[in-house]
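Summary of the model geometry
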Amino acid sequence: MKNLTRREFANLSATVVSGTILTGITACNPNETKLDLRKIPITKKVIDTHLHVVPETIDRCLQVMDENFIRYGLNIGIRGESFDKFMPKISKLKNRLGAMYAFDWDLWKTDLKFPEKAPDLLERAVENGALGLKNFKDLGLTVTDNNGKLVKIDDPRLMPIWEKAQQLNTVVAFHTTDPVAFFEPWTPENERWEELELHPNWSFADRSKYPERNSVLEQRNNVIKSFKEITFHCAHVANNSENLNVLDEWMDEMPNIVVDLSARFGELGRHPAADGFRFFEKHQERIMFGTDRMFWKDGEVQGAGPSKIFTKEEDNKFYQSHWRYLQTTDKQFDHPTPIQGNWKINGIGLPEEILKKIYWDNAYKLYNLKQFGVR
Ligand SMILES: [Zn+2]
């Protein structure tokens, strides 16, 4: 170790004591320390509004969160009975984790009256601490009624559910459809071929089985437009990060949408950085950070890609590429989920005041996290 001046040594000690990782001391001014924006979120604390965790993996989830500046994580959607098992496990962790409730639509197959019972199920879930209702992509793509008929998202039978959500003043989250490529023929020419090979059930290319992507997104938008008092948390940048123009129109047309960024940094970073910057700047009050980091019982997933247990280094790399996209103007680096398309991304270098909203303020406000002592 090189000899340190007294001041350098004082700085270094302060760094260690506070537990903050700083990149070091600049050569010209030993007093000036600088965050490495490729490695550390500028706020040093972030809310992840889109992760998945089950009762068995809570400790592991907290460990990874702690190692990567994630102060609070929203478990975005846990179904039926699993929700009931999960909530007691986080009763003493409410300043770290929250959860949204999701319906077990399979119940409709055997229970003609399921849609009538669903609003009460939601009400009970909210009473038990749910921060909202999550609709997974099965709604619109595969959920069928008791006659085996595909259910549209704007089906009149579902209206009482949205009415109940409005009455309860609770957030409704939608993960509707999937990337454009998942609806295109599953061949080696498909730009997400590798990913689909790993997850064959993510392909919705078969038109005899699955509806058109745009028509399902339209069904979702119909519900959003009909329930103006509900705030809709549209996961994965409202599932249209491929097209920033359409996304921008949606955001203008539907002021009750907020989006999370989870598992779409690959698509976002593919656009010219100036276009990305413009979108983030314009909608800075309505964008929330998210990763889609999954902590399942039998394996973990970093947004997409293989299911395994990740090393600390692999996780650091995963989270750091998120910070790097948002905080730097670096060019042509790996996105967090390289399996989601074989290309590099360009960072958009947002200013600190916008980053603060995306990492923290927007989610904090929407989910009223003050009530749980989140800080
Ligand atoms: Zn997810």
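Residues numbered from 1 in each chain as written. Predicted model: local features only at pLDDT ≥ 70, side-chain atom pairs only at ≥ 80, totals over all residues.

Before going further, it helps to spend a moment on the overall build of the chain. Broken down by element type, the chain carries 15 helices and 11 strands. A compact globule built from 375 residues would reach a C-alpha radius of gyration of about 21 Å, and the chain, at 21 Å, matches this within 12%. Over its C-alpha atoms, taken along the principal directions, the chain stretches across nearly 75 × 50 × 40 Å. Within the chain, the proportion of its 375 residues that are buried is 40%. Of the contacts made within the chain by residues no fewer than 6 positions apart, 71% connect residues no fewer than 24 positions apart. (Helix = DSSP H or I, 4+ residues; strand = E, 2+ residues; numbered from the N terminus. Rg over C-alpha atoms; globule rule 2.2 N^0.38 Å. Buried ≥ 20, exposed ≤ 12 C-beta atoms within 10 Å, placed from the backbone. Contact = placed C-beta atoms within 7 Å.)

Moving residue by residue along a regular strand, the side chains alternate between the two faces of the sheet. With eight of eight residues buried, strand β1 (residues 46–53) is to be regarded as a mostly interior element. The pairing of β1 with strand β2 (residues 70–79) spans four bridges and is classified as parallel. Residue Asp48 lies in a different strand from β2, and its bridge partner there is Gly73. A crossover connection joins β1 to the parallel β2 through helix α2 (residues 58–67); in handedness this β-α-β unit is right-handed. (Pairing = 2+ DSSP bridges. Right-handed = clockwise from strand over helix to strand, strands pointing away.)

The next subject is the packing of helix α5 (residues 114–127) against helix α7 (residues 159–168). Running from amino to carboxyl end, α5 crosses α7 at an angle of 25 degrees, the nearest separation of the two axes being 8 Å. Accordingly, the angle class assigned to the pair α5 and α7 is roughly parallel. Between α5 and α7 lies a crossing of right-handed hand. Counted together, Pro115, Ala118, Pro119, Leu122, Glu123 and Val126 of α5 and Pro160, Ile161, Lys164, Ala165 and Leu168 of α7 form the full contact between these two elements. Across the contact of α5 with α7, the residue classes tally to nine nonpolar, no polar and two charged. (Axes fitted to C-alpha atoms, helices over the stretch in contact; angles between N-to-C directions. Parallel < 35°, antiparallel > 145°, perpendicular 65-115°, else oblique. Left-handed = near helix turned anticlockwise from the far one by under 90°. Nonpolar A, V, L, I, M, F, W, Y, C, P; charged D, E, K, R; others polar.)

β2 sits mainly inside the fold: eight of its 10 residues count as buried. Two elements, β2 and strand β3 (residues 97–102), share five bridges in a ladder whose sense is parallel. Its bridge partner lying in β3, Arg79 is registered against Ala102. Note that the unit made of β2, helix α3 (residues 80–89) and β3 has a crossover that is right-handed.

Quick look at α2 now. Buried within α2 we find Cys61, Val64 and Met65. All buried residues of α2 fall inside an arc of 105 degrees around its axis, so they share one side. Those residues of α2 that are exposed and angled more than 90 degrees off the buried face are Asp59, Asp66 and Glu67. The elements touched by buried residues of α2 are β1, β2, β9 (293–296) and α14 (312–327). The positive-phi residue at the C-terminal boundary of α2 is Phe69, with phi of around 65 degrees. (Arc of directions from axis to C-beta.)

Entries for the chain in the domain assignment read domain 1 (1–34) and domain 2 (37–372). The straight-line distance from the C-alpha centre of domain 1 to that of domain 2 is 39 Å. (Domains from an automatic or database assignment.)

All right, on to unusual backbone geometry then. Positive phi, normally seen in glycine, also occurs at His236, with a value near 50 degrees. Residue position: His236 is located in helix α10 (residues 235–239). On the basis of neighbour count, His236 is assigned to the buried category, with 25 C-beta atoms found within 10 Å. Phi at Asp292 is positive, roughly 65 degrees, even though this residue is not glycine. By the secondary structure assignment, Asp292 is in the loop between β8 (287–288) and β9. By C-beta crowding, Asp292 is classed as buried, having 23 other C-beta atoms within 10 Å.

In this section: the nonpolar core. Counting residues in hydrophobic clusters, the biggest one holds 85 residues, and the most contacted among them are Ala99, Met100, Tyr101, Val172 and Ala173. With sequence-adjacent residues up to four places away left out, Val172 is seen in contact with Gly132, Leu133, Trp162, Ala165, Ile230 and Phe232. (Core = buried A, V, L, I, M, F, W, Y, C linked by C-beta atoms within 7 Å.)

Relative to the elements of secondary structure, Ile309 occurs in the loop between β11 (304–308) and α14. Ile309 sits in the exposed class, given 10 other C-beta atoms within 10 Å. When the C-alpha positions of Ile309 and Asp298 are compared, they lie 8.9 Å apart, and in sequence the two are 11 residues distant. Look past the residues within four positions of Ile309 in its chain and what remains in contact with it is Gly299 and Glu300.

On to helix α15 (residues 352–366), then. Spanning 15 residues, α15 covers 20 Å between terminal C-alpha atoms, matching the ideal 21 Å at 1.5 Å per step. Taken together, the buried positions of α15 are Leu355, Lys357, Ile358, Tyr359, Trp360, Asn362 and Ala363. Contacts made by the buried residues of α15 are with β1, β7 (257–260), β8 and α14. (Expected span 1.5 Å × (residues − 1).)

What follows concerns the environment of Gln332. With respect to the helices and strands, Gln332 occurs in the loop between α14 and α15. Distance from Gln332 to Arg270, taken between C-alpha atoms, is 9.3 Å for residues 62 residues apart in sequence. Dropping the residues within four chain positions of it, Gln332 is found in contact with Lys344 and Asn346.

The next subject is the confidence of the model for the chain. Model confidence for the chain is summarised by a mean pLDDT of 91, while 91% of its residues fall at 70 or above. Considering only residues more than four positions removed or in separate chains, one finds that residues 1–28, a stretch of pLDDT under 50, has 23 contacts. (pLDDT = per-residue confidence, 0-100.)

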